Amino acid sequence: MFRNKQFVGELISEFIAVFIIILFGDSVAAMYSLYDPSPYRNAYWGVCIVWGLSVTIAIYVTGAVSGTHANPAVTLALAVFRGFSWRKVVPYAAVQVLGGLAGAAIVYALYAPVIDHFNLAHHLDRLHDGGAAGVFFTHPGDFVTPIHALMDETILTAMLLFGIFAVTCEYNTQAPQANGGALIIGLLVAAIGGCAGYLEAWAINPARDFGPRLFCYFAGWGPSALPSPGHYWWVPIVGPLAGGVIGAGAYECLVRPYMPRLRDRVPSEAGPLADGQTTDGRVAGQP
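Residues numbered from 1 in each chain as written. Predicted model: local features only at pLDDT ≥ 70, side-chain atom pairs only at ≥ 80, totals over all residues. Heavy atoms only, no water.

**Brief notes about the overall build of the protein chain**
Scanning the protein chain for helices and strands turns up nine helices and zero strands. Helices (α) and strands (β) of the protein chain occur, in sequence order from the N terminus, as α-α-α-α-α-α-α-α-α. Taking all 287 residues of the protein chain together, the buried fraction comes to 53%. Accessible surface computed for the protein chain: about 12,900 Å², of which carbon and sulfur atoms make up 68%. (Helix = DSSP H or I, 4+ residues; strand = E, 2+ residues; numbered from the N terminus. Buried < 20%, exposed > 50% of the residue type's maximum accessible area, 1.4 Å probe, protein only. Areas by Shrake-Rupley, 256 points an atom, 1.4 Å probe, with all protein chains shown as cover.)

See the structure below:
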């Protein structure tokens, strides 16, 4: 499988997709967290929009090659419900995490002096206080316990996959046409952040959290990153993986069976993307 040129291209594509998401997303988190006054402190929707647009850009860049899963929860849900090859699930997830790590490394290269100044000004350090860690990975917000955060991440990721499966359903005549799905999925990510981002920074993606967390472990944050206070590190992995399957399953069981079956449509006139299909008509993850 690893000798297959197309499969190698898919892995590179998934790496780049998560790299793009983290590069833009963690950078806007740095803008939000490190500056006083923060340019986004009273305009949190701007943070959500940047995260959403990072997903949209990643889809436009890589969708024709791999379908832009860019999220192990998406990859797992596609394997469970839409025929994505189980042999590719672990390699996809691995390169997605590596993409997150690489994206965090570039954000650190951009903001290292600002991070150091922030920690100095607030009498924090990386190792003991986790100073500026919120730029890179997630934590429970005020009044939120790790167990409650697990429930939150499960629900929010279920919302994400429910929406993604709706947007990419071949029988959904209300889905956006042609390449419009990328924008709608980005807006879905932004909407989730806008309505629940303060709970625990809406990871909804194991690679988005664990990749940067792994980078920070080696970049001086140590146990503040892994295992993190309260051993929180596993919550943004387990919650999204479980929630993705739940949300995708809910769509497949509760909505998709009742869609009009337009069997007579010519494939080129089908409009919305078929299940797992990319914007150029290929099936996501397939040669």
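**Considerations on the nonpolar core**
Within the largest apolar cluster, 67 residues are counted, with the highest numbers of intra-cluster contacts made by Leu34, Ile115, Phe136, Phe165, Trp202 and Trp221. Setting aside anything within four residues of it in sequence, one finds Trp221 in contact with Tyr108, Ile115, Arg126, Leu127, Gly130, Gly131, Ala132, Ala133, Phe136 and Cys216. One finds Val144, Ala149, Tyr232 and Val235 within the second-largest nonpolar core, a separate group that totals five residues. (Core = buried A, V, L, I, M, F, W, Y, C linked by side-chain atoms within 4.5 Å. Contact = heavy atoms within 4.5 Å.)

**Structural notes on the pattern of salt bridges**
All chains considered together, the criterion is met by seven salt bridges. The salt bridge partner of Glu252 is Arg82, with a shortest N-O separation of 3.2 Å. Taken as a pair, Glu252 in helix α9 (residues 235–254) and Arg82 in the loop between α3 (72–81) and α4 (89–121) lie far apart in primary sequence, 170 residues in all. On the accessibility criterion, Arg82 (14% relative accessible area) is buried. Linking Glu252 and Arg256 is a salt bridge whose minimum nitrogen-to-oxygen distance equals 4.0 Å. (Salt bridge = Lys/Arg side-chain N within 4 Å of Asp/Glu carboxyl O.)

**Some thoughts on unusual backbone geometry**
Geometrically, the link from Asp36 to Pro37 is a cis peptide bond, its omega value of 5° lying close to zero. Relative to the elements of secondary structure, Pro37 occurs in the loop between α1 (5–34) and α2 (44–66). That bond from Leu226 to Pro227 is cis: its omega, 10°, falls within 30 degrees of zero. Note that Pro227 resides in the loop between α8 (206–221) and α9. In the Ramachandran plot, Ala132 falls in the positive-phi region, its phi being about 70° despite a non-glycine side chain. Note that Ala132 resides in the loop between α5 (126–129) and α6 (146–167). With a relative accessible area of 10%, Ala132 lands in the buried category. Backbone geometry places His231, a non-glycine residue, at a positive phi of 50°. Topologically, His231 is positioned in the loop between α8 and α9.

**Quick look at the packing of α2 against helix α7 (residues 180–200)**
Orientation of α2 relative to α7, taken along the N-to-C sense of each, is 150°, at an axis distance of 7 Å. Regarding the angle of α2 to α7, the classification is roughly antiparallel. Considering how the two elements wind past one another, α2 and α7 form a crossing that is right-handed. Packed against α2, whose contacting residues are Tyr44, Trp45, Cys48, Ile49, Trp51, Gly52, Val55, Thr56, Ile59 and Tyr60, the element α7 presents Ala182, Leu183, Ile185, Gly186, Leu187, Val189, Ala190, Ala191, Gly193, Gly194, Gly197 and Tyr198 at the interface. (Axes fitted to C-alpha atoms, helices over the stretch in contact; angles between N-to-C directions. Parallel < 35°, antiparallel > 145°, perpendicular 65-115°, else oblique. Left-handed = near helix turned anticlockwise from the far one by under 90°.)

**Some remarks on the packing of aromatic side chains**
The full count for this structure, using the stated rule, is 14 aromatic pairs. Measuring from ring centre to ring centre gives 6.0 Å for Tyr32 and Tyr44, while their planes differ by 65°; the resulting arrangement is edge-to-face. Note that Tyr32 is positioned in helix α1 and Tyr44 in helix α2, a separation of twelve residues in sequence. Of the two residues, Tyr32 and Tyr44, neither departs from the other in class, the shared state being buried. Consider the rings of Phe136 and Trp221, whose centres lie 5.5 Å apart with planes at 65°: the pair is edge-to-face. Of this pair, Phe136 sits in the loop between α5 and α6 while Trp221 sits in helix α8, and the two are 85 residues apart along the sequence. Aromatic ring contacts, followed pair by pair, group Tyr32, Tyr44, Trp51, Tyr198 and Trp202 into a single cluster. Cation over ring: Arg82 sits above Phe165, and NZ or CZ is 4.0 Å from the ring centre. (Phe/Tyr/Trp six-rings, centres within 6.5 Å; stacked < 30°, edge-to-face > 60°. Lys NZ or Arg CZ within 6 Å of the ring centre and 35° of its normal.)

**Some words on the UniProt feature "transmembrane region" (unreviewed entry) in the protein chain**
As recorded in UniProt, the feature "transmembrane region" (unreviewed entry) lies at residues 12–32, 44–68, 89–111, 154–171, 183–204 and 233–255. For residues 89–111, the helix share is 100%, the strand share is 0%, and the end-to-end C-alpha distance is 33 Å. (UniProt positions renumbered as here; feature names shortened; annotations may be inferred.)

**Notes on α9**
Taking 1.5 Å per residue as the helical rise, α9 with its 20 residues ought to reach 28 Å, and the 27 Å between its terminal C-alpha atoms agrees with that figure. Those residues of α9 lying buried are Val235, Pro236, Ile237, Gly239, Pro240, Gly243, Gly244, Gly247, Ala248, Gly249, Tyr251 and Glu252. (Expected span 1.5 Å × (residues − 1).)

**Digging into the packing of α1 against α4**
α4 packs onto α1 with a crossing angle of 30° between their chain directions and a minimal axis gap of 7 Å. In terms of their interaxial angle, α1 and α4 are classed as roughly parallel. The crossing of α1 and α4 is right-handed. Considered class by class, the residues forming the contact of α1 with α4 number 23 nonpolar, six polar and three charged. (Nonpolar A, V, L, I, M, F, W, Y, C, P; charged D, E, K, R; others polar.)

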